[in-house]
Amino acid sequence: MADTVDEQGLASRLRLAVVRLNRRLRAQRTNSSITLTQVSALSTLHKCGPLTPGELAAKEGVQPPSMTRVIAALEEFGFATRRPHPTDGRQAIVQLSDAGLAFVNEEVGAREAWLDKRLAELTAEERELLSRSAEIIDRMAGQ
C-alpha cells in the first residue's frame, strides 16, 4: 500500500513539475502572434523535413482539414512553402522557408537560453540526475 501511495505521489509531482516547466518555457516565446499549434507544426517540419499535409497532420495528431488551415497560416507568415509532390500530382510537399527556419531557431534558442541559466544554477550531481531523468521521460513519452 505504501508503494502505491508513493507511486501516486510521484505521478502527481511529476505531472505538476512538467506542467510548470512547460508554462515557464512557453513564457520564453519570442513571437506570440503565431499559435502554439503553428509552432508545433513548424517544429515537426524542422525535425522531420518536408512532408505532405497528410503526413504532417498525422504526426501532429490532428485532422487534415485542421492542418490545411495551419499550413495556410504558416504560408501567410512566410514560414512555410508548398511545392508540387514530385510523383503524385494530387499531393503537395510542405517545407520550412528560410524565415520559418530562422523562427524555429530563435524560439528554440530563447527557451534553451532560459534552461541553460537554470541548469547553471544546479550542482553537477543535479544536472547528471536531470540528464538521466530526461532520457527516462523521453522513453515514457514515446510509448
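Everything in this summary refers to the structure shown in the same document. (Residues numbered from 1 in each chain as written. Predicted model: local features only at pLDDT ≥ 70, side-chain atom pairs only at ≥ 80, totals over all residues. Heavy atoms only, no water.)

With that settled, consider the overall build of the protein chain. The secondary structure content of the protein chain amounts to six helices and two strands. Considering only C-alpha atoms, the protein chain reaches an extent of 60 × 35 × 25 Å along its principal axes. Long-range pairs, those at least 24 residues apart, make up 48% of the contacts in the protein chain with a sequence separation of at least 6. When the 19 basic and 19 acidic side-chain charges of the protein chain are each reduced to a single mean position, those positions are 5 Å apart. (Helix = DSSP H or I, 4+ residues; strand = E, 2+ residues; numbered from the N terminus. Contact = heavy atoms within 4.5 Å. Lys, Arg positive; Asp, Glu negative; His and termini not counted. Charge placed at Lys NZ, Arg CZ, Asp CG, Glu CD.)

With that settled, the discussion passes to the side chain of Gln 38. Here Gln 38 is to be found in helix α2 (residues 36-48). Look at Gln 38 and you get buried, because its relative accessible area is 10%. Apart from residues lying up to four places away in sequence, Gln 38 is in contact with Val 70, Ala 73, Leu 74 and Phe 77. (Buried < 20%, exposed > 50% of the residue type's maximum accessible area, 1.4 Å probe, protein only.)

Residues Leu 10, Leu 14, Val 18, Ile 136, Ile 137 and Met 140 make up a contiguous nonpolar surface patch of roughly 480 Å² in combined accessible area. Those elements giving two or more residues to the nonpolar patch turn out to be α1 (2-26) and α6 (124-141). With respect to the helices and strands, the residue Leu 10 is situated in helix α1. The class for Leu 10 is partly exposed, based on a relative accessible area of 39%. (Patch = residues over 30% accessible without salt bridge, like charges linked within 9 Å, V, L, I, M, F, W, Y side chains within 5 Å. Areas by Shrake-Rupley, 256 points an atom, 1.4 Å probe, with all protein chains shown as cover. Salt bridge = Lys/Arg side-chain N within 4 Å of Asp/Glu carboxyl O.)

What follows concerns helix α4 (residues 64-77). Here α4 is 14 residues long and its end C-alpha atoms lie 20 Å apart, about the 20 Å a rise of 1.5 Å per residue gives. What α4 keeps buried is the set Met 67, Val 70, Ile 71, Ala 73 and Leu 74. Down the axis of α4, the sector holding all buried residues measures 160°, keeping them to one side. Among the exposed residues of α4, those oriented more than 90 degrees off its buried face are Arg 69 and Glu 76. Lining the buried residues of α4 we find α2, α3 (53-60), β1 (80-84) and β2 (92-96). (Expected span 1.5 Å × (residues − 1). Arc of directions from axis to C-beta.)

Note that Glu 60 resides in helix α3. One buried charged residue, Glu 60, forms no salt bridge at all, with the nearest opposite charge on Lys 47 at 8.9 Å. A polar atom in the side chain of Glu 60 sits 2.3 Å from the side chain of Thr 44. Ignoring sequence-local partners within four residues, the contact set of Glu 60 consists of Thr 37, Ser 40, Ala 41, Thr 44 and Met 67. (Polar contact = N/O pair within 3.5 Å; in protein donor to acceptor, adjacent residues only side chain to side chain.)

The next point concerns the packing of α2 against helix α5 (residues 98-120). The interhelical angle for the contact between α2 and α5, taken along N-to-C directions, is 105°, at an axis separation of 10 Å. Comparing the axis directions of α2 and α5 gives the class roughly perpendicular. Residues Val 39, Leu 42 and His 46 of α2 form the contact with α5, whose participating residues are Leu 101, Phe 103, Val 104 and Asn 105. Of the residues belonging to the contact of α2 with α5, the class tally is five nonpolar, two polar and no charged. (Axes fitted to C-alpha atoms, helices over the stretch in contact; angles between N-to-C directions. Parallel < 35°, antiparallel > 145°, perpendicular 65-115°, else oblique. Nonpolar A, V, L, I, M, F, W, Y, C, P; charged D, E, K, R; others polar.)

One pass over the full model with this rule turns up six salt bridges. Of the charged contacts, one joins Arg 111 and Glu 107 as a salt bridge, the two residues approaching to 3.4 Å between their closest N and O atoms. With Arg 111 and Glu 107 both in helix α5 and four residues apart, the pair spans about one turn of that helix. Take Arg 111: its relative accessible area is 22%, and that puts it in the partly exposed class. Here Glu 128 makes a salt bridge to Arg 132, at a shortest N to O gap of 3.8 Å.

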